[in-house]
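# Coordinate analysis (summary)
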Number of protein chains: 2
Amino acid sequence: MKKLVQCVPNFSEGRDKEKIEKIIDAFRGKDGVKLLDYSFDKDHNRMVVTLVGEPKGIQASLVEAFGVAKKLIDMRKHTGQHPRMGAVDVCPFIPIKNMDVSECDELAKETAKLINEAHDYGFFFYEKSASASHRTNLAKLRKGEYEGMKEKTLEAKWLPDVGTFKEDTGITAIGARMPLIAFNVLLDTDNLDIATKISKNVRHINGGLRFVKGIGIDMPERGITQVSMNLTDYTKTPMYRVFELIKIEAKRYGVNVIGSELIGLAPMDAFIQTAEYYFGIENLDYNQALEKHLME
Amino acid sequence: MKKLVQCVPNFSEGRDKEKIEKIIDAFRGKDGVKLLDYSFDKDHNRMVVTLVGEPKGIQASLVEAFGVAKKLIDMRKHTGQHPRMGAVDVCPFIPIKNMDVSECDELAKETAKLINEAHDYGFFFYEKSASASHRTNLAKLRKGEYEGMKEKTLEAKWLPDVGTFKEDTGITAIGARMPLIAFNVLLDTDNLDIATKISKNVRHINGGLRFVKGIGIDMPERGITQVSMNLTDYTKTPMYRVFELIKIEAKRYGVNVIGSELIGLAPMDAFIQTAEYYFGIENLDYNQALEKHLME
């Protein structure tokens, strides 16, 4: 059974198209690597690349791309609105098929070592690969950004997991995580306070569901608001549970859920899981989705 | 964009394993053809083969398999419980990816001509390929079975669409149809009359939903009953509509829906459609299922 992993490296270059294409060339036409998307932004001066492929193919293309990035990106000269700490800022590995999180964790750590040997990058292990619980969260790791990172990585609490902070490439967060689902639930109220309260009721940090991050967001053009969420592990906190709980919380404020938005990609299993719940399908094997047989 | 078609030829041989393997060999290791499944039954003396692949690959393997079947199956000697009229009894083409029903219709008709030229088979076009509305339904076409088919195919109403009835191979129904979803909804009553009434309320033939065939079935071991259905075009009569309507009909009898069963494979889009309805997802593009990008 062929293993498939998704990888979403973020590069600190979103302005120079020539440099962008040179980085992307490391992912083009490589055995076992499919480039699904790359998008970049001038204000952020950042590029997000989405890859899917076989572990060894993805790994080899990353070693090459980190090498190209080292030649083209100098963090001493980097400016942009998005928080960042490295030439390759973050590099998550996500299990897609015939792989679990622990295999992605191994792959991430091995890849970090190979890139360190080839191009002398420094790494933090983050998310499911974090070496301590205070090092799980990317925002906490990145606090202080590139400019504060040299000093921060000298503290015992923030020592790099592989290599050291470098003036040119900074430091990179690498690790395994579950696929994110960006799911927004729409409310028939223009009162942002209510959307914010509901987001707090359902999100993990305030006592809600374990794998939900969320905020209230205003949608002034439509005169409504939304609970905008990242579901960080849909296998354990499924979409239906989040959706039904928001309906229940909304009742307290006399507000109704009027629909939702799905942003970007979601794994097929999330859709199958939804049908399984709403239809109460007994003994459903997720391989009963026809297309799963076509992907072998 | 690669086109993918599913084909489910039914062969009138379910007893002789040597013959079965010789027929299946026509589908093994062929370019653009994936053999998903073959299952056979002694009582029925019949084999159902499930193929997915590219139109030209599927077509070529079918021409070969019909040739093998002509050598190995003689309908004059065939007995079995399942109704049948030909050595290859029925051969449906189902659109899977980057194809629609009209392309499957063309493929089915072209394939029938090629097989007729190569091996002198006779064909009825059925389902979406039927040449008249009274010839759509397989059960009606097959009525009288092999034994009555020579005479039946002399009537103007039942003239074959390609070739003629043959003593050895009988006649084959070939055509395009949508993927079937076998979906059973479970009721908390042991009263089969109620299950039967509900099945009549929702099925097409008695005034229900356009693409639903259904019957009531007893499940004595669990002390419950079910509405057992084939959804013959889930794109037009989606699963959620059938499920919610059965809940509404069940109320009349003081009965509750307690779950469901999905038998065999269902297309991924049927699951996505279900999530779209229950979450009210706005502007959902079915390509937002991650795995769709992996199938390119």
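So, how was this worked out
Residue numbering note: each chain is counted from 1, following its sequence as written. Labels follow written order: the first chain is A, the first ligand is 1, and so on. At least 70 in pLDDT is required for a residue's local features to be given in this predicted model, at least 80 for side-chain atom pairs to be given and counted, and no such filter applies to totals for whole chains, interfaces and linings, which use all residues. Strand pairing is assigned whenever DSSP identifies at least 2 bridges connecting the two strands. Helix and strand assignments come from DSSP, with helices taken as H or I runs of at least 4 residues and strands as E runs of at least 2, each series counted from the N terminus. Structural elements are reduced to axes, namely lines fitted to C-alpha atoms, with helices fitted over the stretch in contact, and the angle between N-to-C directions of any two is expressed from 0 to 180 degrees. Two residues qualify as a contact pair if the distance between their C-beta atoms, derived from the backbone, is within 7 Å. A helix is expected to span 1.5 Å multiplied by its residue count minus one. Put plainly, a residue is buried at 20 or more neighbouring C-beta atoms within 10 Å of its own, exposed at 12 or fewer, and partly exposed in between, counting only other residues' C-beta atoms, which are placed from the backbone. In superposing the copies, a least-squares fit is computed on C-alpha atoms, taking residues whose pLDDT is at least 70 in both. Crossing handedness follows the turn of the near helix against the far one: under a right angle anticlockwise gives a left-handed crossing, and clockwise gives a right-handed one. Three categories are distinguished: nonpolar for Ala, Val, Leu, Ile, Met, Phe, Trp, Tyr, Cys and Pro, charged for Asp, Glu, Lys and Arg, and polar for the others, with Gly belonging to the last.

Strand pairing in a sheet takes place through backbone hydrogen bonds and is either antiparallel or parallel in direction. Residues and elements named next belong to chain B. One open sheet accounts for four strands, arranged E9-E10-E8-E11; its pairing is antiparallel. On the outer flanks of this sheet lie strand E9 (212–219) and strand E11 (257–263), each paired with one strand and no other. Along the sheet, successive strands turn relative to each other by an average axial angle of 20 degrees, direction set aside. In this sheet, strand E10 (residues 224–231) lies alongside E9 in antiparallel orientation, the contact comprising eight bridges. Note that in E10 the partner of Val212 across the bridge is Leu231. In this fold helix H6 (residues 192–202) packs onto strand E8 (181–187), E9 and E10, with an angle of close to 170 degrees to the strand it touches most, E9. The strands touched by helix H7 (residues 239–252) within the sheet are E8, E9, E10 and E11, with E8 carrying the most contacts at an inclination of about 25 degrees.

What follows is about helix H8 (residues 268–279) of chain A. Taking 1.5 Å per residue as the helical rise, H8 of chain A with its 12 residues ought to reach 16 Å, and the 17 Å between its terminal C-alpha atoms agrees with that figure. Across the 12 residues of H8 of chain A, 11 count as buried, placing the element largely inside the fold. Every buried residue belonging to H8 of chain A is among Met268, Asp269, Ala270, Phe271, Ile272, Gln273, Thr274, Ala275, Glu276, Tyr278 and Phe279 of chain A, and all of these are buried. Looking at the buried positions of H8 of chain A, the neighbouring elements they touch are strand E8 (181–187) and helix H7 (239–252) of chain A together with H7, E11, helix H8 (268–279) and helix H9 (290–294) of chain B. Gly280 of chain A lies just past H8 of chain A and shows a positive phi near 55 degrees.

What follows covers the pairing of E10 of chain B. All names here are of chain B. Of all eight residues that make up E10, six are buried, and the element is covered over most of its length. Where E8 and E10 come together, seven bridges link them in antiparallel fashion. In the strand pairing of E10, Val185 is matched with Val227. Count of turn residues in the E9/E10 antiparallel hairpin: four residues, of which Gly223 carries a positive phi of about 65 degrees.

This part is about the environment of Asp37 of chain B. With respect to the helices, strands and loops of the structure, Asp37 of chain B is situated in strand E3 (residues 33–41). Each C-alpha atom of the pair Asp37 of chain B and Phe271 of chain B lies 22 Å from the other, and the pair is 234 residues apart in sequence.

Turning to the relation of the copies chain A and chain B, a few remarks are in order. Once chain A is rotated about the relating axis by 180 degrees and shifted along it by 0.0 Å, it coincides with chain B to within an RMSD of 0.1 Å. The two molecules are tied by a two-fold rotation axis, judged by turn and shift. Among all residues of chain A, the one whose C-alpha sits closest to the rotation axis is Phe271 of chain A, at a distance of 2.7 Å. Of the interface residues in chain A, 100% have counterparts in chain B that sit at the interface too, so the contact is made through matching surfaces.

Packed helices, taken two at a time, are described by the angle between their axes plus the distance between the axes. All names here are of chain A. At a closest axis distance of 10 Å, the pairing of helix H2 (residues 55–72) and helix H3 (residues 101–119) adopts a crossing angle of 35 degrees. H2 and H3 meet at a crossing whose hand is right-handed. Seen from H2, the contacting residues are Pro55, Gln59, Leu62, Val63, Phe66, Gly67 and Lys70; seen from H3, they are Leu107, Thr111, Leu114, Ile115, Ala118 and His119. Here the contact of H2 with H3 is built from residues that sort into eight nonpolar, four polar and one charged.

Here the focus is the interface of chain A and chain B. Every contact between the two is made by 32 residues of chain A and, on the other side, 32 residues of chain B. Contributions of two or more residues to the side of chain A that touches chain B are made by H7, strand E11 (257–263), H8 and helix H9 (290–294) of chain A. At seven residues, H8 of chain A tops the list of elements feeding residues into the side of chain A that touches chain B. Class assignment of the residues belonging to the side of chain A that touches chain B gives a composition of 22 nonpolar, seven polar and three charged.

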